[in-house]
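For reference, the chains in residue letters:
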Amino acid sequence: MPPFLVYARTALRFLPLWIMVAGPLCAQTPPSSPTPPPKPAKPEEKPEEFQTPPPVITEHTLSLPGGKTLKYKAITGYLLLTDSSRLDGTSEPTGKEEASPEKAKEKPVDPVKGKPKAQVFYVAYVASEAGDPATRPVTFVFNGGPGSAAVWLHLGGVGPKRVLLSDRGEALPPPAKLVDNESTWLDKTDLVFIDPVPSGYSRPAPGESPRQFWGYKEDIQHVGDFIRLWTTKNSRWASPRFLAGESYGTTRAAGLGDYLQDRYAMSLNGIILIGSALNFQTIDMSYGNDVPYPLFLPSYASAAWYHKKLVPELQQLSLPDLLHRVEDFAVNVYLVALAKGDALSTEEQQAIASQLARFTGLDSSYLLQEHLREPDERFFADLLQKENRSIGRYDSRFTGIRYYPGTDRPDFDPSDLAVDGPFTAAFYDYARRDLKYESDLPYERFAEVHPWLFSRDRYLDVAENLRKIMSRNPYLKVMVCCGYYDLATPYFAAVSVTHSMNLDPTIRHNLELQFYESGHMLYIDTAARKKLNQDFDQFVDSALNTAPISNASRE
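Remember, predicted model here, so these are calculated numbers, not experimental data.

**Quick notes on the layout of surface pockets**
- The computed volume of the largest pocket comes to approximately 700 Å³.
- Every residue lining the largest pocket is counted, 31 residues in all, and those nearest its centre are Gly145, Ser247, Arg393, Tyr394 and Ala488.
- Put simply, the parts of the chain that give the lining of the largest pocket at least two residues each are helix H12 (376–382) and helix H13 (414–433).
- At 3 residues, the largest contribution of residues to the lining of the largest pocket is made by H12.
- The residue inventory of the lining of the largest pocket, partitioned by class, reads 16 nonpolar, 9 polar and 6 charged.

**Quick notes on the nonpolar core**
- Counting residues in each nonpolar core, the largest one holds 101 residues, and the members touching the most others are Ile227, Ile271 and Leu466.
- Ignoring sequence-local partners within four residues, the contact set of Ile271 consists of Leu243, Ala253, Leu466, Ile469, Leu476, Lys477, Val478, Met479 and Phe539.
- Tyr78, Ala149, Ala418 and Tyr516 belong to the second largest nonpolar core, which has 53 residues in total.

**Brief notes about the pairing of strand S13 (residues 477–483)**
- In terms of burial, S13 is a largely internal element, 7 of the 7 residues being buried.
- Inspection of the sheet shows strand S10 (residues 270–274) paired to S13 by 5 bridges, in the parallel sense. What sits directly across from Ile271, in S13, is Val478.
- In this structure, S13 lies alongside strand S14 (residues 511–516), joined through 6 bridges in parallel fashion. Within S14, the position partnered with Val480 by the bridge is Leu513.
- Taking the sense of rotation as the criterion, the β-α-β connection linking S13, helix H15 (residues 491–500) and S14 turns out right-handed.

**So, the pattern of salt bridges**
- Evaluated as defined, the whole model comprises 27 salt bridges.
- Across the pair Arg162 and Glu182 runs a salt bridge whose closest N-O atoms are separated by 3.3 Å. Separated by 20 residues along the polypeptide, Arg162 in strand S5 (residues 161–163) and Glu182 in the loop between strand S6 (178–180) and strand S7 (190–195) bring together distant segments of the chain.
- Exposure remark for Arg162: the relative accessible area of 12% places this residue in the buried category.
- Measuring nitrogen to oxygen at the nearest pair gives 3.9 Å for the salt bridge that ties Arg432 to Glu438.
- Residue Glu438 is classed as exposed on the basis of its relative accessible area of 61%.
- Each of Lys115, Lys117 and Glu208 takes part in one network of salt bridges that share partners.

**Describing the packing of aromatic side chains**
- What the rule picks out here adds up to 30 aromatic pairs.
- The interplanar angle of 40° and the centroid separation of 5.4 Å between the aromatic rings of Trp152 and Phe423 together place this pair among those described as tilted. Residue Trp152 is found in helix H4 (residues 151–158), and its partner Phe423 is found in helix H13; the two are separated by 271 residues along the sequence. The burial state of Trp152 is the same as that of Phe423; both residues are buried.
- Look at Tyr300 and Phe379: their rings are 4.1 Å apart centre to centre, the planes differ by 15°, and that puts the pair in the stacked class. Placement of the pair is Tyr300 in helix H7 (residues 292–306) and Phe379 in helix H12, with a sequence separation of 79 residues. Across the pair, Phe379 and Tyr300 agree in class, each one buried.
- Connected via pairs of aromatic rings, a cluster forms that spans Tyr78, Phe121, Tyr201, Phe427, Tyr437 and Tyr443.
- The side chain of Arg228 reaches across the aromatic face of Tyr264, ending 5.3 Å from its centre.

**So, empty space enclosed by the protein**
- The full count for this structure, using the stated rule, is 5 cavities of 30 Å³ or more.
- The space that makes up the largest cavity amounts to roughly 60 Å³.
- Only H7 and helix H10 (346–360) provide two or more residues apiece to the lining of the largest cavity.
- Sorting elements by how many residues they give to the lining of the largest cavity places H7 first, with 3 residues.

**A few points about unusual backbone geometry**
- Going from Gly145 to Pro146, the amide bond is cis rather than trans, its omega being -5°.
- Checked against the element boundaries, Pro146 lands in the loop between strand S4 (138–142) and H4.
- Residue Pro175 follows Pro174 across a cis peptide bond; omega there is 5°.
- With respect to the helices and strands, Pro175 occurs in the loop between S5 and S6.
- In the Ramachandran plot, Asn388 falls in the positive-phi region, its phi being about 60° despite a non-glycine side chain.
- Here Asn388 lies in the loop between H12 and strand S11 (389–391).

**Observations concerning the side chain of Asn533**
- Inspection of the secondary structure assignment puts Asn533 in helix H16 (residues 526–544).
- Exposure remark for Asn533: the relative accessible area of 12% places this residue in the buried category.
- With residues near it in sequence (within four places) discarded, Asn533 still touches Ser183, Thr184 and Trp185.

**Overview of the confidence of the model for the protein chain**
- On average, residues of the protein chain score 87 in pLDDT, and 85% of them are at 70 or above.
- Every residue in residues 1–32 is under pLDDT 50, and counting partners more than four places away or in other chains gives 8 contacts.
- In the predicted structure, residues 87–111 sits below a pLDDT of 50 and forms 18 contacts with residues beyond four places in sequence or in another chain.

**Structural notes on helix H6 (residues 248–264)**
- The terminal C-alpha atoms of H6 lie 23 Å apart, and with 17 residues this matches the ideal 24 Å at 1.5 Å per residue to within 8%.
- Among the 17 residues of H6, 15 are classified as buried, and the element is accordingly described as predominantly covered.
- Backbone geometry just after H6 places Ala265 at a positive phi near 55°.

Analysis parameters
- Residues numbered from 1 in each chain as written.
- Predicted model: local features only at pLDDT ≥ 70, side-chain atom pairs only at ≥ 80, totals over all residues.
- Heavy atoms only, no water.
- 1 Å grid on protein atoms, 1.4 Å probe; cavity = no way out; pocket = protein on both sides within 12 Å on 5 of 7 lines; lining within 4 Å.
- Points joined across faces, edges and corners; volume = space filled by probe spheres on them.
- Helix = DSSP H or I, 4+ residues; strand = E, 2+ residues; numbered from the N terminus.
- Nonpolar A, V, L, I, M, F, W, Y, C, P; charged D, E, K, R; others polar.
- Core = buried A, V, L, I, M, F, W, Y, C linked by side-chain atoms within 4.5 Å.
- Buried < 20%, exposed > 50% of the residue type's maximum accessible area, 1.4 Å probe, protein only.
- Contact = heavy atoms within 4.5 Å.
- Pairing = 2+ DSSP bridges.
- Right-handed = clockwise from strand over helix to strand, strands pointing away.
- Salt bridge = Lys/Arg side-chain N within 4 Å of Asp/Glu carboxyl O.
- Phe/Tyr/Trp six-rings, centres within 6.5 Å; stacked < 30°, edge-to-face > 60°.
- Lys NZ or Arg CZ within 6 Å of the ring centre and 35° of its normal.
- pLDDT = per-residue confidence, 0-100.
- Expected span 1.5 Å × (residues − 1).

Here it is in structure tokens:
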């Protein structure tokens, strides 16, 4: 930190009376000795430049299934971003355009000693005995929020260590424990977990406002600049590159792919989207927006099926068979009915309400009162109202005791609290004990970033960004991972959005969807975590073994 300036307080004094007396008395005073030359002024003391502490490097060994041992390094610390990163998104002059007088007066930005803007915290894992590190794949991983740290993917299912939970992802009695993660991605790729400013230990530089990072564009610019700088400093431009994001992190990943390609000509090999939020119109149940209701309906049915609230005819079906029926009704009947509004006849309304009741376990007369639109925040409490329980938003399998029974007031999310405490305690202990990284800062797992600027005058939609980068880079592969019990980013919304991208037939196979009987954090479930690991291995192999594409051949 730059030293504080110390100001000396001075007091005015009256001049002695004899100096103020004018006349002969002064003339008779003997001449004084020559005045000594003034002392040279001390050079102005410059404040120390802001520097981040060096990263901490530790050596580790991981035991994997089959008796395999993986040796790796963990690199924990900060990367300093300066104003040379051009956080405003503008680029340096190319020399082709005529510079204005104001621009001509500006000093060029030193790419090494630019004005500090932010220090971004990260934990990188690099395999020690996996061949040439320059050509080994590297995956940049982050969570969402916005404002969420990467601790969830880091210690949930991707990093070399994971928090010990029940097989269904439930919290165990405290204190939290970490175990070797048999499903880590580290055996396939090096990993860099990023905490975007101001989450985790990441912070703006002294004197910098955190609000300059609170927005979709601002976020992808500073995370993208981190990726470019980390890649450069670690000599990884020759490595295959992947992005993995969860929730709002999928929004970031789609925007990042566009930003990195456009700003730095950095092409990607693959993007993994977990619990995707690509078009916010599909998940925002605001007044006048009917788009989400048919897309949430299959996830409502999943929750009702899991808690045994369906009629016997439907309850006996397998979950995939049930969802096939619900999806067909949602697209071909329910969507059309909502579009008609109050033009629906009484008979039509009653028929739709009856079918909705069958698929959700709710009362048909209640659904009629709601004009056939059950908001997600009500469904959390309505499904198990008679049992005085609410269900989880992130994972509808989880239940919690109603804090406001018999009301429509929102309760806590039992699926959120099931992981919040264990993950937080485990990270604090892991950072100091295993990673040897010491900080007294609070680790902001959910930083305050409101109001966040999503988009101006319309819903934020980054599916178009994804379509653009896939069209420009036909080698780019995308895997979208969806949990059936996810009521934050429902799986059918991801299906709808990816189909509406209308990809060119030649690259349509580059996008795949995978489904899991789990929730938003699908990796906390043991079976889902193992499936995700297998899907990721196959995805990386596919991305790294793509045949060359000829787009200059003549017929």
